[in-house]
Amino acid sequence: MKVLVIGAGAREHAIVRSLVADPSVDAVVAAPGNPGIGLVARCEPLDDVTDGAAALAIARHHEVDLVVIGPEVPLVAGMADVLRDGGFDVFGPSADAARLEGSKAFAKQVMSAAEVPTGLAHLCTTLDEVTDSMDALGTPYVIKDDGLAAGKGVVVTEDREAGVAHAAACLAKDGGQVVVEEFLDGPEVSLFVLSDGVNVLPLSPAQDFKRVGDDDAGPNTGGMGAYSPLDWAPAHLTDDLVSRVAQPTVDEMRRRGTPFVGVLFIGLALTSRGPRVIEFNARFGDPETQVVLARLRTPLGQLLRAAATGRLDEYDALRWSDEHAVTVVVAAHNYPGTPRTGDRVDGLDDVEGVPTAYVLHAGTALDAEGALVSSGGRVLSVVATGADLREARERAYAAVGHVELEGSHHRGDIALRASRGEVTVG
Ligand code: AMP
Ligand code: GLY
């Protein structure tokens, strides 16, 4: 089969890498892709990643059998609908189903109807409502932009003024709404669950590192690193989340006439009172995908096509490597603020000398001379596997050590506490 992948990040690079390794996949086209993806697949220009008509034209030109949509922005904008109307099999939800990610208020309504455990939350449209909710729910304050914000819409703070200022900025947007939520304590887990609209199939859980600095210091980012699997997680966590969260949510979406086809990304906290959903996303997570797919042994193309065509019940369970995987994100100077771009990226060939390690591209571009330069906030995602987390970490950091990018920064503590057995559930 021939597969078109929409997107340009390290998540899409990881997806393309796994698709290329699937014997039933003859060719992969990416739009727009990136220079790293371009080494293993054909890249087609897509200036506006929400442009459904342009994606449809590429799918037709290459006569693809499956389209995989990576990022949330085209999903929320309805790209899957345009491609399905054009006769293509698509892995990725319709605009109606992608509202699970596009609106936190909508996600809360669905969770409530499906009796999914989640934090207490208030939807606010005025600053008075925000401050009343902050008083009612107490500190730390959790203030969320209702709409899409590239992982940066949430502020968790003890500082009342900072919380109010964030809420004011969100409300100032056209149609802006704010969700004020109770603080959820405990380690966070990301679980991806594939859905064909009816059946669900979980992947292996991962943990993401959202804050920019070591020891979770500084502001939230899109994600600075991840590891999988989670040896510390309760034995029945995945089964429990499928039966209490994923299946009821997929059932509720189908009942509403908006079936969810694609991957439901469940972000949750394991609190002392049990798991609580923090958010739903309607796509694979970045950088969690990089570590989850590093371990998946079931051919990805066949799997995603089964999900896209209502045949997920053909799978009992997935096959996984016994290894542990770690990814470390190399970010540009000043990320998550406005990143500096145009810096030379060197040393990637040297990464090949580190066992199991490889580099996935995110914010990279080729300059006029054909040299690799930074073009976004998260520039690279460096991945390695090992017999245990300690070995996977050592390799990932050895590989990061070869990357040369002026002004770049990365976290030094990805998977560190887990590798020492220090992560515990309340
Ligand atoms: P979200 O965009 O909803 O995933 O939130 C981004 C990050 O903010 C999460 O991964 C958490 O680290 C943090 N966060 C969000 N909601 C809460 C909450 N209710 N309690 C504690 N931390 C939260
Ligand atoms: N890593 C979190 C996300 O993709 O939203």
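I will try to describe carefully the structure that is included in this document.

### Notes on the site of ligand 2
The environment of ligand 2 is formed by Asp208, Lys210, Gly222, Phe265, Asn281, Arg283, Gly285, Asp286, Pro287 and Glu288. A distance of 2.8 Å separates an oxygen atom of ligand 2 from a polar atom in the side chain of Arg283. The contact in question runs from a nitrogen atom of ligand 2 to an N or O atom on the backbone of Asp286, over 2.8 Å. Protein chains shield 92% of the accessible area of ligand 2, which is 200 Å² for the free molecule. Taken together, the residues of the shell around ligand 2 break down into two nonpolar, three polar and five charged.

### Re the site of ligand 1
Near ligand 1 there are 14 residues, and of these Glu181, Leu184, Glu188, Lys210 and Glu279 occur at the shortest range. Between ligand 1 and Lys144 there is a distance of 3.0 Å, counted from a nitrogen atom to a side-chain nitrogen or oxygen. Note that an oxygen atom of ligand 1 is positioned 3.5 Å from one of the side-chain N or O atoms of Asn220. Elements with a minimum of two residues in the shell around ligand 1: strand S7 (141-145), strand S8 (154-157) and strand S17 (274-281).

### Description of the packing of helix H7 (residues 127-137) against helix H8 (residues 160-171)
Where H7 meets H8, the axes come as close as 10 Å, and the angle between the chain directions of the two elements is 145 degrees. Taken as a pair, H7 and H8 cross one another with a handedness that is right-handed. Contacts from Leu127, Val130, Thr131, Met134 and Asp135 in H7 reach Arg160, Gly163, Val164, Ala167, Ala168 and Leu171 in H8. Here the residues of the contact of H7 with H8 sort into seven nonpolar, two polar and two charged.

### Comments concerning the sheet that holds strand S20 (residues 358-361)
On the basis of which strands lie adjacent, the open sheet formed by five strands has the order S12-S15-S18-S23-S20 and antiparallel pairing. Among the strands making up the open sheet, the edge pair consists of strand S12 (207-208) and S20. In this structure, S12 lies alongside strand S15 (residues 225-228), joined through two bridges in antiparallel fashion. Counterpart to Gln207 in the pairing with S15 is Tyr227. Against the sheet, helix H1 (residues 10-20) makes contact with S20 and strand S23 (378-386), and its axis sits at roughly 120 degrees relative to S20, the strand it touches most.

Conventions and cut-offs
- Throughout this description, residue numbers start from 1 for each chain and increase along the sequence as written.
- A letter from A marks each chain and a number from 1 marks each ligand, given out in the order of writing.
- Local features in a predicted model are, by the rule used here, given only for residues with pLDDT of at least 70; side-chain atom pairs are given and counted only at 80 or more, and totals for whole chains, interfaces and linings are based on all residues.
- Values reported for side chains reflect all heavy atoms of the structure, with hydrogen atoms and water molecules removed beforehand.
- Throughout, the term near means that a residue has one or more heavy atoms lying within 4 Å of the molecule or strand in question.
- Any N or O atom pair separated by 3.5 Å or less is treated as a polar contact, with the protein-specific requirement of one donor-capable and one acceptor-capable atom, and with residues adjacent in sequence counted only for side-chain atom pairs.
- Only the protein chains shown count as cover for residues, and the accessible areas themselves come from Shrake-Rupley with a 1.4 Å probe.
- Asp, Glu, Lys and Arg are counted as charged, while Ala, Val, Leu, Ile, Met, Phe, Trp, Tyr, Cys and Pro are counted as nonpolar; the rest, among them Gly, fall into the polar class.
- Secondary structure elements follow DSSP: runs of H or I no shorter than four residues count as helices, runs of E no shorter than two count as strands, and numbering proceeds from the N terminus.
- Helix axes are fitted only over the stretch in contact, all axes being lines through C-alpha atoms; the angle between N-to-C directions runs from 0 to 180 degrees.
- Should the near helix be turned counterclockwise from the far one by less than a right angle, the crossing is left-handed, whereas a clockwise turn marks it as right-handed.
- Residues are treated as being in contact if the distance between any of their heavy atoms lies within 4.5 Å.
- For two strands to be treated as a pair, DSSP must find at least two bridges joining them.

Read these as geometric descriptors, not functional statements.
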